[in-house]
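# Close look at the chain arrangement
Single-letter residue listing:
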Amino acid sequence: METVNGEGANGSSCLSPPTSAPSPEVIQLDVESDHEANTPNRSVISRPGFGSIGRHISLLANHFKVFVNNPDAIFYQYNVSITSEDNIAFENKVLGRKILDKLYQTYSSELSGKKFVYDGEKSLYTVGPLSKNKYEFTIVLEDSYAKRCGSPADDGILSESGKRAKRSLQEKSFKVEISYAKEIPLKPVSLAIQGSEPEKLQDAIRVLDIILRQQAAQRGCLLVRQSFFHDDSRNFSDVGGGVTVCSGFYSSFRSTHGGLSLNMDVSSTMILTPGPVIDFLKSNQNARDARSIDWLKAKKTLKNMRIKTTHSNWTFRITGMSEKPCNQQLFPLRVKKDNGTYDDQTINITVLDYFTKHRKIEVTYSAYLPCIDVGKPNKPTYLPLEVLCSLVSLQRYTKALSTLQRASVVEKSRQKPQEKMQAITNAMKNYHYDDDPLLSSCGISIEKQLAQVEGRVLEPPKLKVGNGEEFSPSNGRWSFKNKKLYSPTKIEFWAVVNFSTKFDASYLSRELIDCGMNKGIIINRPFSLMEEDPHNRKYGPVVRVEKMFDHILAKFTRAPQFLLCILPEKKNCDLYGPWKKLCLSDHGIPTQCMCPLKVTDQYLTNLLLKINSKLGGINSLLSIEQSSRLPLIHDTPTMIMGMDVSHGSPGRPDIPSIAAIVGSQSWPLISRYKACVRTQSSKVEMIQGLFEPQEDGTDNGMMSELLLEFYRTSNKRKPTQIIVFRDGVSESQFNQVLNYELDQMIKAYQLLGEADAPKFTVIVAQKRHHTKFFRANGPENVPSGTVVDNNVVHPRNYDFYMCTQPGLIGTSRPAHYHVLLDEIGFSPDALQNLILTLSYISQRGSAATSIVAPVSYAHLAARQMGQFIKFEDLNETASEKDSITSVGSMPVPKLPKLDEDVEDSMFFC
């Protein structure tokens, strides 16, 4: 199930639908300002052909074929400007839709009864033109509200009467200007299907998607990009902390090789758990009762949340909390005269007395708790927490989830292939898209059956382990049982550090030694088993780690070869980051953290695979890699790279993004990698540190580091071919990858003394998309190695889907590969086989990775080194030159450098 967490999604190229537009949280880099005039303007290559090898398999895809029976239809776009009475521009999407709905109800005849679709912002669209190019309307909304006792009055002062005041209407007027902008013909959609590249295809599909959004908005759904969510408790699943995962659907039109299709998928987003505010706070803070709640934290958490009051059934936005509890918080109450009118005289009364005596509402435990403030800063309006205040449903939760919450989301969102397929087809039938008047006027009709596609199952590569043993994985998995590692290390001088009170370090070390012996790793007895001093557990994580290292330095006369660290918590342990930083950055000691729920042979084997990789060993090799028979790679020095940028939580522009790139070492091998990780400006997707020329002629960039390491480990050969796998970019950013990042890599290469640039093959790997595949004749997931390059792929660009993992739980999600450039000249079959092969080289486990290992490594390196600094605690005024660099106006803290003893290792495994 796709989880939706932001307002933007993956972007689109000139031939792809706009539903994949980049998130507003992610900043587009202005490559033009950094480009020289003579820089070539590269463009995405077209598909050279299709693959043919592999066992054919019949599949279904969650795409529904769309027929355009009126391709000559033309959408007319009109600009919309909404201003309030005081001439202030209005940008509230929800109210904007209400205003436009009222406009149609009031002035339909002036619009000749023509239906329109409104995007919620500044544009509306019609099929065919309106009678005039410009309109001006005045729209009056009657904002009814009940002035009840306890309902906030205009001045924030409550009335004394215990009876409901007469319902009144407050009229608000808005000025709406509509002006012609441009024509958007539907014909480019049919032309794109024929392989051409019409300019207005993106605009046409955007209008079709806006029609889907308006349908959902009219049904009262929460809209998140092209996903929509109903207010139905059957779709809600609590994930803890006052957060609920809400299930819904994604729908978007796409131009594909098989024609126009509607891509529909199950989707999910995070919302605040609806219900009493006090219940939310207890869950959010994991408090036993109301008395255990941290109210300073609660005030910050609740700000801007929307609540509904049960006594008045009105919705308000929380602006704060009272400083005093309900039974002490005073406010001025107007006194009612004998004739039923009010004068300016007021009396002070507590919130508790007002609601119990004047409103006859029983207030018990919340009498001693702070009140909710829904008023203005200088005119507060207080409401008791108890009974009266409930969180409104479908409020987005956009903060980062904890590790446990993420695990719960995955568990509760999981659906078997048949369940997901049934949910999608049912939704397609229930939403009656064909009945939409605008789609009907375009002659658009949609099939109700999933699209049929032809897949191919590629043979997995053979692997080689110790003692010359060779074997073939089965459905993307293999086992090291009764097998030796290909190149095991020897661990002679090491120690166990135990922060946990639940595990016996001596027992764990003995089991690890025995398991290592079976895998060919010779492990001496640990030099020391170090238990944490119980008195140190009262300190924070940084101090606890430092005190443990003081103990280590006092006991060891030389640095240990390796440290095994037992953590007290498996998920989200706050000791992890400080421990990794001290080991890898400050002391250059390889380390492996662990927190086993149960010590089994499989667990210890997986642990040893990571340890062996970090210490320079090799667990398994591709058979063709070991024999130097990799096509187009074995006879030409070739470096394989993975690149990724991870961003901080939504709404946190102060947290920098983490850019990581990895590059292969020791050509002709392709299984060992070096990582380089840097911070950069928040939410910037293009990697900024690839090329950093210095005044002395050197280069401090990331690309230079990888090239020099390749040269050092490959018999002083420079790569003449470079294969780049780029993760995390949307289709609208493909040209920036080709014309900015690739240009920076070429400059870094040339600065090392080579006039000619190497041949590049650049491939974008995407996991965040909405295309799923199902077996046509069975309930199981598609088999590992399934590749699809027909029907639902791009009509012109070179892309394909590949599913490499076995998908034992839930529904498999294929990786979507876009080939932007291929100067090396792979055939489609050769390239698809290479990508499958690169999914079997991960040294971390015994299963194929869902995406090529270099991309997976880059993600792991960024995540691990990103924990070296707790960015949330950074002082924004920090100005230390050694730790802060500035990009634009936002200071960017630098990551600590890895110690030279570990910087070239696979520390991220």
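In what follows, the accompanying structure is described. (Residues numbered from 1 in each chain as written. Predicted model: local features only at pLDDT ≥ 70, side-chain atom pairs only at ≥ 80, totals over all residues. Heavy atoms only, no water.)

### A few points about the nonpolar core
For the record, the criterion: What is meant by a nonpolar core is a set of buried Ala, Val, Leu, Ile, Met, Phe, Trp, Tyr and Cys residues, joined one to another through side-chain atoms within 4.5 Å. Exposure classes here rest on a 1.4 Å probe applied to the protein chains alone. A residue is buried below 20% of its type maximum, exposed above 50%, and partly exposed in between. Only DSSP runs of H or I reaching four residues or more are called helices, and only runs of E reaching two or more are called strands; each is numbered from the N terminus. Between two residues, a contact is recorded if the distance between any of their heavy atoms is within 4.5 Å.
Core analysis: the biggest nonpolar cluster contains 115 residues, and Met 641, Tyr 817 and Phe 908 have the highest contact counts within it. Here this core gets nine residues from one element, more than from any other, and that element is helix α16 (residues 734-751). In this structure Tyr 817 touches Ile 763, Val 764, Ala 765, Tyr 798, Asp 799, Phe 800, Met 802, Ile 835, Ile 851 and Val 852, once residues within four positions along its chain are discounted. Of all hydrophobic cores here, the second largest spans 43 residues; its members include Val 245, Val 351, Cys 371 and Tyr 382.

### Remarks on the pattern of salt bridges
To be explicit about the condition: Whenever a carboxyl oxygen of Asp or Glu lies within 4 Å of a side-chain nitrogen of Lys or Arg, that contact is scored as a salt bridge.
Within the structure shown, the criterion is met by 29 salt bridges. Between Asp 265 and Lys 772 there is a salt bridge, and its shortest N-O distance comes to 2.8 Å. Of this pair, Asp 265 sits in strand β13 (residues 259-272) while Lys 772 sits in the loop between β38 (759-766) and β39 (773-775), placing them 507 residues apart in sequence. Taken individually, Asp 265 and Lys 772 each receive the classification buried, so the pair is uniform in this respect. We note a salt bridge from Glu 705 to Lys 674, for which the minimum N-O separation is 3.8 Å. Residue Glu 705 is located in helix α15 (residues 702-713), and its partner Lys 674 is located in strand β36 (residues 673-680); the two are separated by 31 residues in the primary sequence. Given the relative accessible area of 4%, Lys 674 is considered buried. Members of the salt-bridge network, linked through shared partners, are Lys 674, Arg 678, Glu 692, Glu 705, Glu 709, Arg 712 and Asp 904.

### Here's the deal with the state of the cysteines
To keep it simple, the criterion reads: A pair of cysteine sulfur atoms is labelled a disulfide when the two atoms are within 2.5 Å.
Scanning the entire structure with this criterion turns up zero disulfides. Free of any disulfide, Cys 565 has its nearest neighbouring cysteine sulfur in Cys 593, separated by 4.4 Å. For Cys 565, a relative accessible area of 0% corresponds to the buried category.

### Regarding the pairing of β13
Heads up, the condition is: Here a strand pair is declared whenever DSSP counts at least two bridges between the two strands.
By the criterion of burial, β13 is predominantly enclosed, with 14 of the 14 residues buried. Here strand β3 (residues 63-68) runs beside β13; their pairing, made up of three bridges, is antiparallel. Bridge pairing links Phe 64 to Leu 262 in β13. Direction of pairing for strand β12 (residues 243-256) relative to β13: antiparallel, over a ladder of 14 bridges. The residue of β13 that forms the bridge with Ser 247 is Ser 268. Hairpin connection between β12 and β13: a loop of two residues separates the two successive antiparallel strands.

### Let's talk about the sheet that holds strand β32 (residues 591-594)
Just so we agree on the cut-off: Between N-to-C directions, angles cover 0 to 180 degrees, with each direction set by a line fitted to C-alpha atoms, over the stretch in contact for helices.
In spatial order, the strands read β30-β28-β31-β32; together these four strands make up an open sheet with parallel pairing. Because the sheet does not close on itself, it has two edges, and the strands there are β30 (528-531) and β32. In this sheet, neighbouring strand axes are inclined to one another by 15° on average, regardless of whether the strands run parallel or antiparallel. One ladder, built from five bridges, connects strand β28 (residues 494-498) with strand β31 (residues 562-566); its direction is parallel. The residue of β31 that forms the bridge with Val 497 is Cys 565. Against the sheet, helix α10 (residues 505-519) contacts β28, β30, β31 and β32, and its axis sits at roughly 140° relative to β28.

### Some words on empty space enclosed by the protein
If a probe as big as a water molecule is rolled over the atoms, it shows which places are left empty. Filter applied, for reference: For each structure, a 1 Å grid was placed over the protein atoms alone; sets of points admitting a 1.4 Å probe that cannot get out are labelled cavities, open sets with protein on both sides within 12 Å along at least five of seven lines are labelled pockets, and lining residues have an atom within 4 Å of a point. Grid points are joined across faces, edges and corners, and a volume is the space filled by probe spheres set on the points. Side-chain classes are defined by residue name, with Ala, Val, Leu, Ile, Met, Phe, Trp, Tyr, Cys and Pro counting as nonpolar, Asp, Glu, Lys and Arg as charged, and the others, Gly among them, as polar.
Inspection of every chain in the model, using the stated rule, returns four cavities of 30 Å³ or more. Of the volumes computed, that of the largest cavity is approximately 80 Å³. Forming the boundary of the largest cavity are 13 residues, of which Arg 254, Val 792, Val 793, His 794 and Asp 799 lie nearest the centre. Where the lining of the largest cavity is concerned, the elements lending two or more residues are β12, β41 (799-803) and β42 (815-822). The dominant element in the lining of the largest cavity, judged by the number of residues it contributes, is β12, at three residues. By residue class, the composition of the lining of the largest cavity is three nonpolar, seven polar and three charged.

### A look at the packing of helix α4 (residues 277-284) against helix α5 (residues 295-302)
Quick note on the threshold: Should an angle fall under 35 degrees it is taken as roughly parallel, and over 145 as roughly antiparallel, whereas 65 to 115 is taken as roughly perpendicular and any remaining angle as oblique. Two helices cross in a left-handed way if the nearer one is turned anticlockwise from the farther one by less than a right angle. They cross in a right-handed way if the turn is clockwise.
Contact geometry of α4 with α5 gives a least axis separation of 11 Å together with a crossing angle of 115°. The orientation of α4 with respect to α5, classified from their angle, is roughly perpendicular. Crossing geometry of α4 relative to α5 is assigned as right-handed. Where α4 approaches α5, its residues Val 277, Ile 278, Phe 280, Leu 281 and Asn 284 are matched on the opposing element by Trp 295, Ala 298, Thr 301 and Leu 302. Partitioning the contact of α4 with α5 into residue classes produces seven nonpolar, two polar and no charged.

### Quick look at the sheet that holds strand β16 (residues 315-317)
The strand order across the open sheet formed by four strands is β14-β22-β15-β16, and the pairing between neighbours is antiparallel. At either margin of the open sheet sits one strand with a lone partner, and together these are β14 (275-276) and β16.

### Focus on unusual backbone geometry
When glycine is set aside, most residues are seen to have a negative phi, and most peptide bonds are trans. Following Trp 667, the chain continues into Pro 668 via a peptide bond in cis, with omega recorded as 15°. With respect to the helices, strands and loops of the structure, Pro 668 is situated in the loop between β35 (657-664) and β36. Non-glycine residue Asn 467 carries a positive phi angle of around 60°. Considering the arrangement of structural elements, one finds Asn 467 in the loop between β25 (463-464) and β26 (470-471). Phi is positive for Lys 716, close to 55°, though the residue is something other than glycine. Secondary-structure assignment places Lys 716 in the loop between α15 and β37 (721-727).

### Considering the packing of aromatic side chains
Going by this rule: By convention, a stacked pair of Phe, Tyr or Trp rings (six-membered ring in the case of Trp) has centres within 6.5 Å and planes under 30 degrees apart, an edge-to-face pair has planes over 60 apart, and any other such pair is tilted. The rule for a charge over a ring is simple: NZ of Lys or CZ of Arg within 6 Å of the ring centre, and within 35 degrees of the ring normal.
Evaluated as defined, the whole model comprises 22 aromatic pairs. Ring geometry for Phe 499 versus Trp 579: centroids 5.9 Å apart, planes at 80°, classification edge-to-face. Linking Phe 499 in the loop between β28 and α10 with Trp 579 in helix α12 (residues 576-587), this pair joins segments that are 80 residues apart in sequence. Exposure remark for Phe 499: the relative accessible area of 1% places this residue in the buried category. The residue whose ring lies beneath Lys 483 is Phe 471, and the NZ or CZ to ring-centre distance is 4.9 Å.

Just geometry here; none of it tells us what the structure is for.
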